[in-house]
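What follows is each chain in one-letter form.
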Amino acid sequence: METIRLLYPDWLSGGLETYYFGANLLQHILPPNPNQPLVQVEIAAPNGQERTIEQGIAGKTEVLSGIKAAQRVIAQNSPKRIITIGGNCLVSQAPFDYLHGLYPNTGIIWIDAHPDVSMAKDGYPNAHAMVLGALLGKGEKDLVDLLQNPPFKPNELLYVGLQGLHSYQAQFLDNLGVDYKLQTDTFVNDTQIKEFVEPFDHVLVHLDIDVLNPKIFHSTYFANPNLVGDGSGGGKMSLECLSHILQFINQNSNVVGFTIAEYLPFDEEQLSKMFRSLELFNR
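About the criteria used
- Residues numbered from 1 in each chain as written.
- Predicted model: local features only at pLDDT ≥ 70, side-chain atom pairs only at ≥ 80, totals over all residues.
- Heavy atoms only, no water.
- Axes fitted to C-alpha atoms, helices over the stretch in contact; angles between N-to-C directions.
- Helix = DSSP H or I, 4+ residues; strand = E, 2+ residues; numbered from the N terminus.
- Parallel < 35°, antiparallel > 145°, perpendicular 65-115°, else oblique.
- Contact = heavy atoms within 4.5 Å.
- Nonpolar A, V, L, I, M, F, W, Y, C, P; charged D, E, K, R; others polar.
- Salt bridge = Lys/Arg side-chain N within 4 Å of Asp/Glu carboxyl O.
- Buried < 20%, exposed > 50% of the residue type's maximum accessible area, 1.4 Å probe, protein only.
- Pairing = 2+ DSSP bridges.
- Right-handed = clockwise from strand over helix to strand, strands pointing away.
- 1 Å grid on protein atoms, 1.4 Å probe; cavity = no way out; pocket = protein on both sides within 12 Å on 5 of 7 lines; lining within 4 Å.
- Points joined across faces, edges and corners; volume = space filled by probe spheres on them.
- Core = buried A, V, L, I, M, F, W, Y, C linked by side-chain atoms within 4.5 Å.

Novice: Just give me the short version of the packing of helix α1 (residues 18–29) against helix α9 (residues 266–276), but keep the residues and values in it.
Specialist: Interhelical geometry of α1 versus α9 gives an angle of 95° and a closest axis separation of 10 Å. Viewed along their axes, α1 and α9 adopt a mutual orientation that is roughly perpendicular. Taken together, the residues of α9 that come into contact with α1 (itself represented by T18, F21 and L25) are F266, E268, E269 and S272. Across the contact of α1 with α9, the residue classes tally to three nonpolar, two polar and two charged.

See the structure below:
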């Protein structure tokens, strides 16, 4: 199979039920393409129950089971390219690992306000902040152990949109030798992106919606004043800037994996709940 759309509505790794709603809505927002079949990772729907923290990770058993389920679905379809519809950032682990096995000379462009290299010992229990550390082979051990192919190397990663770091995140990246740039004033430019992609035969793109400025795009974590996460701030990118970056990457590299993560349509979810409460819609 050439390209699949992997619907992976993981909400557990982000500790927020809206991720499940967002992924299921996002599948209808993407442009239709009958040549890209939709396959789904079966994730238990939210039930209002808070998951316990196991060895520093919220809902750890279910989170790991979700990664294994994604691996099985991907293996059953054997695609050459994967568009992953999340869910939170953790949804990139299984498809990026699989594609790295197909295409060893592959780089990752991680478009995100945050580095996603945290570990359980850092005190934040949601595994969506740990996924890239696992893909680099030096993150949370139970996530790393699920890799089926060699981890990515530090020079195979480019951050786009990265904002301020916690000290433990900076230490992780520095110790590993990742060449990153904080982009609080200006973003990585076209020349830097082109220089990064040129050595690679293939490229994987991870798009975290929270790279966008929450003041102008509201379906993102940091547009909700009631959420604090791990204390980080939101992104600063405009939709126009993001569109340019994605177009430039597409025109200058062979993209075989694309993840859309952290889409949180809070208003639409509230509207859905309102209709769901009316008897007419439940007859």
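Novice: Help me get a handle on the pattern of salt bridges, residues and values and all.
Specialist: Within the structure shown, the criterion is met by seven salt bridges. A salt bridge links E2 to R81; its shortest N-O distance comes to 3.4 Å. Here E2 is found in the segment before β1 (3–8), whereas its partner R81 is found in strand β5 (residues 81–86), with 79 residues between them in sequence. Assessed through its relative accessible area of 41%, E2 is described here as partly exposed. K60 is the salt-bridge partner of D142, the closest N and O atoms lying 2.2 Å from each other. Taken together, the residues span a long stretch of sequence, with D142 in helix α5 (residues 141–144) and K60 in helix α2 (residues 60–77) at a distance of 82 residues. Given the relative accessible area of 28%, D142 is considered partly exposed. When its relative accessible area of 6% is taken as the criterion, K60 is described as buried. Among the charged side chains, a salt-bridge network with shared partners connects E2, K80 and R81.

Novice: Explain the side chain of Q93 to me, using residue names and the numbers behind them.
Specialist: Among the secondary structure elements, Q93 is positioned in helix α3 (residues 93–102). Given the relative accessible area of 1%, Q93 is considered buried. If we ignore the near neighbours within four places in the chain, the residues touching Q93 are I67, V131, A134, L135, L143, L146 and L147.

Novice: Residues and numbers for the pairing of β1, please.
Specialist: Along β1, six of the six residues are buried, which leaves the element largely enclosed by surrounding structure. Residue alternation in β1 divides its side chains into two sets, T3, R5 and L7 and I4, L6 and Y8, and both sets are buried. Sheet topology note: the β1/β5 ladder contains six bridges and is parallel. Paired with L6 across the strands is T84, a residue of β5. Between the parallel elements β1 and strand β2 (residues 38–40), the chain passes through α1 in a crossover that is right-handed.

Novice: Which residues make up the layout of surface pockets, and what values go with them?
Specialist: Each pocket or cavity is described by its volume, and for the largest pocket that value is around 820 Å³. Taken together, 28 residues form the lining of the largest pocket, with L30, L207, L246, F258 and I260 sitting closest to its centre. Among the elements that line the lining of the largest pocket, the one with the most residues is helix α8 (residues 239–252), at seven residues. Classifying every residue of the lining of the largest pocket gives 20 nonpolar, six polar and two charged.

Novice: Describe in detail the nonpolar core, supporting the description with residues and values.
Specialist: It is characteristic of soluble globular proteins that their nonpolar side chains tend to be buried jointly. W110, L132 and Y159 are the most contacted members of the largest nonpolar core, which has 56 residues in total. Counting residues per element, this core draws most heavily on α2, which supplies seven residues. Listed in part, the 28 residues of the second largest apolar core include L30, I109, V160 and M237.

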